[in-house]
Amino acid sequence: MSLNTDFMVKVAQTAIQGVPVTLQIVLVALVISFPIGILFALIRIYRVKVLQRVVQFYVSLVRGTPIIAQILIVYSALPSLLNMIIGRAAFAINPIYYAYIVFTLNAIATLTEVFRSALQTVDKGQMEAGLMVGMQPRQTFWRIILPQALISALPNIANTTLYLIKNSSLAFIMSVKDITAIAKTEAAFNYNFLEAYLVVWVYYLIICYAAEVVFYLLERYFSKYRRPIKKTSGFNWLPFRIKQPKLERKQS
Amino acid sequence: MLTIEGLKKSYAGNDILKGISIDVNKGDVISIIGPSGSGKTTLLRTMTTLEEADGGHITFSGIDKDFEKLTGKEVNTIRRNVGFVFQNYNLFNNKTALQNITEGLIVARKVKKSEAEKIALKALERVGLTDRKNHYPSQLSGGQQQRVGIARAIALNPEVIFFDEPTSALDPELVGEVLKVMQDLASSGTTMVVVTHQMSFARDVSNRVIFMADGHIVEQGAPKAIFEKPSEQRTKKFLTDILANV
Ligand SMILES: Nc1ncnc2c1ncn2[C@@H]1O[C@H](COP(=O)(O)OP(=O)(O)OP(=O)(O)O)[C@@H](O)[C@H]1O
Ligand SMILES: [Mg+2]
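The shown structure was predicted, so the numbers you read here are calculated from the model rather than taken from an experiment.

Trainee: How should empty space enclosed by the protein be read in this particular structure?
Mentor: Which parts of space are left empty comes out when a probe the size of a water molecule is rolled across the atoms. Residues and elements named next belong to chain B. One pass over the full model with this rule turns up one cavity of 30 Å³ or more. Of the residues forming the lining of the largest cavity, the biggest block, three residues, is contributed by helix α5 (residues 142-155). Of the residues belonging to the lining of the largest cavity, the class tally is seven nonpolar, two polar and one charged.

Trainee: What's the story with a negative patch on the surface in this structure? I'm lost.
Mentor: Residue and element names in this part refer to chain B. Taken together, the side chains of D15, E52, D54 and E68 make up a negatively charged region of the molecular surface. Topologically, D15 is positioned in strand β2 (residues 14-24). On the basis of relative accessibility, which here comes to 52%, the residue D15 falls in the exposed class.

Trainee: Looking at this structure, I do not really get unusual backbone geometry. What am I missing?
Mentor: Residue and element names in this part refer to chain B. Even without a glycine there, the phi angle at A12 is positive, about 45 degrees. With respect to the helices and strands, the residue A12 is situated in the loop between β1 (2-11) and β2. For S61, which is not glycine, the phi torsion reads 35 degrees and is therefore positive. Looking at the secondary structure, you find S61 in the loop between β4 (55-60) and β5 (63-66).

Trainee: Which parts of the structure should I look at to understand the pairing of β2 of chain B?
Mentor: Consecutive residues of a regular strand have side chains that alternate between opposite faces of the sheet. Residues and elements named next belong to chain B. Sheet topology places β1 next to β2; eight bridges connect them, and they run antiparallel. Across the sheet, the residue bridging to L2 is V24, located in β2. Here β1 folds back onto β2, and the loop between the two strands holds two residues, one of which, A12, carries a positive phi near 45 degrees.

Trainee: Honestly, the sheet that holds β5 of chain B in this entry has me stumped. Any pointers?
Mentor: All names here are of chain B. Strand order in the open sheet formed by four strands is β2-β1-β4-β5, and the pairing between neighbours is antiparallel. Among the strands making up the open sheet, the edge pair consists of β2 and β5. Across the sheet, the mean angle from the axis of one strand to that of its neighbour is 15 degrees, orientation sign disregarded. Packed on one face of the sheet, helix α1 (residues 40-47) meets β1, β2 and β4 and runs near 120 degrees to β1. In this fold helix α2 (residues 72-81) packs onto β4 and β5, with an angle of close to 120 degrees to the strand it touches most, β5.

Trainee: Would you take a moment to explain the packing of aromatic side chains for this structure?
Mentor: By convention here, two paired aromatic rings are described through the distance between centres and the angle between planes. Taken as a whole and assessed by the stated rule, the structure comprises nine aromatic pairs over all chains. Between F141 of chain A and W142 of chain A, the aromatic rings sit 5.5 Å apart at their centres with planes inclined by 75 degrees, giving edge-to-face as the arrangement. For F141 of chain A, a relative accessible area of 10% translates into the label buried. An angle of 40 degrees between the planes, with centres 4.7 Å apart, marks the rings of F84 of chain B and F86 of chain B as tilted. Considered together, F84 of chain B and F86 of chain B belong to a single accessibility category, that of buried residues.

Trainee: For this particular structure, what's the right way to read the pattern of salt bridges?
Mentor: The final tally for this structure, using the stated rule, is 20 salt bridges over all chains. Among the ionic pairs, E115 of chain B bridges to K118 of chain B, the shortest N-O distance being 3.9 Å. You can see E115 of chain B and its partner K118 of chain B sitting in helix α4 (residues 113-126), three residues apart, about one turn around the helix. E115 of chain B sits in the partly exposed class, given a relative accessible area of 35%. For the salt bridge of K224 of chain B with E228 of chain B, the shortest nitrogen-to-oxygen distance reads 3.6 Å. With a gap of four residues between them, K224 of chain B and E228 of chain B both fall in helix α8 (residues 223-228), about one helical turn apart. Comparing K224 of chain B with E228 of chain B shows no difference in burial state: the two are exposed. Taken together, the shared-partner salt bridges in this structure form one network comprising K124 and E128 of chain A together with R45 and E51 of chain B.

Trainee: Where do I start with the interface of chain B and chain A in this structure?
Mentor: By a widespread convention, an interface's size corresponds to the accessible area lost as its parts come together. Each side of the interface is counted separately: chain B has 25 residues, and chain A has 21 residues. Of the roughly 2200 Å² buried at the junction of chain B and chain A (both faces included), carbon and sulfur atoms supply 56%. The three residues of chain B that bury the most area against chain A are R79, F92 and N94 of chain B, which together make up 25% of that side's buried surface. Scanning the region where chain B abuts chain A turns up two salt bridges. Among the salt bridges present, the one from E128 of chain A reaches R45 of chain B, with a minimum N-O distance of 2.7 Å. At the junction of chain B with chain A, the criterion picks out seven residue pairs in polar contact (both at pLDDT 80 or more). Where the side of chain B that touches chain A is concerned, the elements lending two or more residues are α2, β6 (82-85) and α3 (97-108) of chain B. No other element matches α3 of chain B, which puts four residues into the side of chain B that touches chain A.

Trainee: Teacher, can you tell me more about the packing of helix α4 (residues 67-86) of chain A against helix α5 (residues 96-121) of chain A here?
Mentor: Each pair of packed helices can be summarised by the angle the axes make with each other and by the distance between the axes. Residue and element names in this part refer to chain A. Between α4 and α5, the least distance of the axes is 10 Å, while the angle of their chain directions is 135 degrees. As the angle between them shows, α4 and α5 are arranged oblique. For the pair α4 and α5, the sense of crossing is right-handed. Where α4 abuts α5, its residues I67, Q70, I71, V74, Y75, L78, P79 and L82 lie against Y98, I101, V102, F103 and N106.

Trainee: Sorry if this is basic, but what is going on with the pairing of β4 of chain B here?
Mentor: Residue and element names in this part refer to chain B. Here β1 runs beside β4; their pairing, made up of five bridges, is antiparallel. Along β4, the bridge assignment pairs T3 with T59. Pairing analysis gives four bridges linking β4 to β5, with the strands arranged antiparallel. In the strand pairing of β5, H57 is matched with D66. A loop of two residues connects β4 with β5, the two strands running antiparallel in sequence, and S61 in this loop sits at a positive phi of about 35 degrees.

The rules behind each value
Residue positions are given per chain, counting from 1 as you read along its sequence in written order. By the order in which they are written, chains take letters starting at A while ligands take numbers starting at 1. The model is predicted, so local features are restricted to residues of pLDDT at least 70 and side-chain atom pairs to those at 80 or more, both for listing and for counting; the totals for chains, interfaces and linings are taken over all residues. For the side-chain quantities, the full set of heavy atoms in the structure was used; hydrogens and water were omitted. A 1.4 Å probe that fits into a set of points on a 1 Å grid over the protein atoms alone but cannot get out defines a cavity; an open set with protein on both sides within 12 Å along at least five of seven lines defines a pocket, and lining residues are those with an atom within 4 Å of a point. Grid points are joined across faces, edges and corners, and a volume is the space filled by probe spheres set on the points. Think of it this way: any DSSP run of H or I at least four residues long counts as a helix, any run of E at least two long counts as a strand, and we number them from the N terminus. Residue polarity follows a fixed list, in which Ala, Val, Leu, Ile, Met, Phe, Trp, Tyr, Cys and Pro are nonpolar, Asp, Glu, Lys and Arg are charged, and the others, Gly among them, are polar. Here a patch means residues that are over 30% exposed by relative accessible area and free of salt bridges, tied together within 9 Å if like-charged and within 5 Å if nonpolar (Val, Leu, Ile, Met, Phe, Trp, Tyr). For accessible areas, the Shrake-Rupley method is used with a probe of radius 1.4 Å. Any residue's cover is judged against the shown protein chains and nothing else. The salt bridge definition used is simple: a Lys or Arg side-chain nitrogen within 4 Å of an Asp or Glu carboxyl oxygen. Positive: Lys, Arg. Negative: Asp, Glu. His and the chain ends are not part of the count. Taken as the charge centre is NZ of Lys, CZ of Arg, CG of Asp or CD of Glu, depending on the residue. The rule is simple: take the accessible area with a 1.4 Å probe, protein chains only, and divide by the maximum for that residue type; under 20% is buried, over 50% is exposed, in between is partly exposed. Strands are treated as partners if at least two bridges between them are detected by DSSP. Lines are fitted to the C-alpha atoms to define the axes, a helix being fitted only along its stretch in contact, and any angle between axes, read from their N-to-C directions, falls within 0 to 180 degrees. Only heavy atoms enter the contact rule, under which two residues are in contact if any of them lie within 4.5 Å. The criterion for an aromatic pair is that two Phe, Tyr or Trp rings (for Trp, the six-membered ring) have centres within 6.5 Å, with stacked assigned to planes under 30 degrees apart, edge-to-face to planes over 60 apart and tilted to the rest. Buried area: the sum, over both parts, of the accessible surface (1.4 Å probe) that disappears when the two are put together. Each polar contact in these results corresponds to two N or O atoms within 3.5 Å; when the atoms are within protein, one needs to be able to donate a hydrogen and the other to accept it, and residues that are neighboring in sequence are counted only if both atoms are side-chain atoms. Any angle from 65 to 115 degrees is called roughly perpendicular, while one under 35 is roughly parallel, one over 145 is roughly antiparallel, and all others are oblique. What makes a crossing left-handed is the near helix being turned counterclockwise from the far one by less than a right angle; a clockwise turn instead makes it right-handed.

Spelled out as structure tokens, the structure:
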């Protein structure tokens, strides 16, 4: 078996048009779900009447179902629902909007839990100290509690982002023209499936790696107030370890 | 200046404070001593509104009211006129030593940033930490953190500063530097209410000692009187026990 490298180059060139689409889905989902996630986390922490039940139900609904089921439901329910409201124009809507909706709804549930646990790691003494220097609870929350919580949430936000990137590949089901969809079309057209999927594989690897680097840098920048981390525990810049770990060698 | 009468507090049906009355005058340095679990922390926390009291009356900075009837505005007034030094420091972890002090000035008092920094530097100087102003709490020793905690309280120039066992989370060799700062404050006329297990501080620095046990004030008076001839048996026993361990 040999790989058709010319075809791979061709797929790579076409599929790159899907990269912005993938990134768009991820960014839109993150940006919208971020503040809502914080709000939902607060509703749960402060046990706001009724609302906390709603949030809890929502989170378990999303977390307890496979994302593919969520995609299928949104994609089959929404267009016909819209059709009843706005008529035939509903079918002209760019399917990427459905992708925004599914992945945002999904990210909200994940981030709610991420922010909830992060907010709970901040010692309650921080709030009390704020009150005792005369600040309002609200001011203390924004200036003291939330910044600390966000920083401790960074690793989990990074995880959420990586999952989003990977899950966004399912958007092809909604006929969104992302990396996966384009490569699939090319593959089916030329019967070169493995080559096309390898290209997809590499693109996601690169995007995920870039995201990891971004989050590593964010974490390093914002964690400056924490106890200096051991120098050796820096970022593993190589996705694969090429060099063998050095063995302790006796000096003699 | 600050009067508390009949302060009561219970947690889940357990009466922790059973009617405490305290009178704090300007310039007082009051030490509160007593066995563990007697309600000393709870007393400071209810007096400063960190914890809601179940009953009692407060007279302080223009307020003359039962605790339960305090409005949000009055709670703010109380908080703005007291300082609190915590057992485990509770410095803002995401702020430098200097920012820990300016935060309350800028955000709560609306002092201009440059002015706030001037005040903060002066406070840091008083606790001997000018050279640590840009350090984060995690980069300071326990003793240094507690001194920043004290600087944060004094910078706001409150009418009275409450200390809840300010040295008991510290390694023994760091206790001295904090006590020294507190002693300086006391001799400069700062009004202080200090819960402490440091009998030397209670005896040598404060002008009044309150002995608490089981949610009551058992006895109070000048340090000399309390330490040399306590009138209550429980005080005597507590002091003998604690001094035997020094
Ligand atoms: N939030 C709370 N919920 C329930 N019980 C509490 C709470 N806080 C304090 N207590 C109880 O109140 C009692 C008095 O506690 P407090 O912390 O005031 O004692 P203390 O005199 O400060 O003791 P120590 O010298 O050990 O600090 C204890 O029995 C404690 O278990
Ligand atoms: Mg205590």
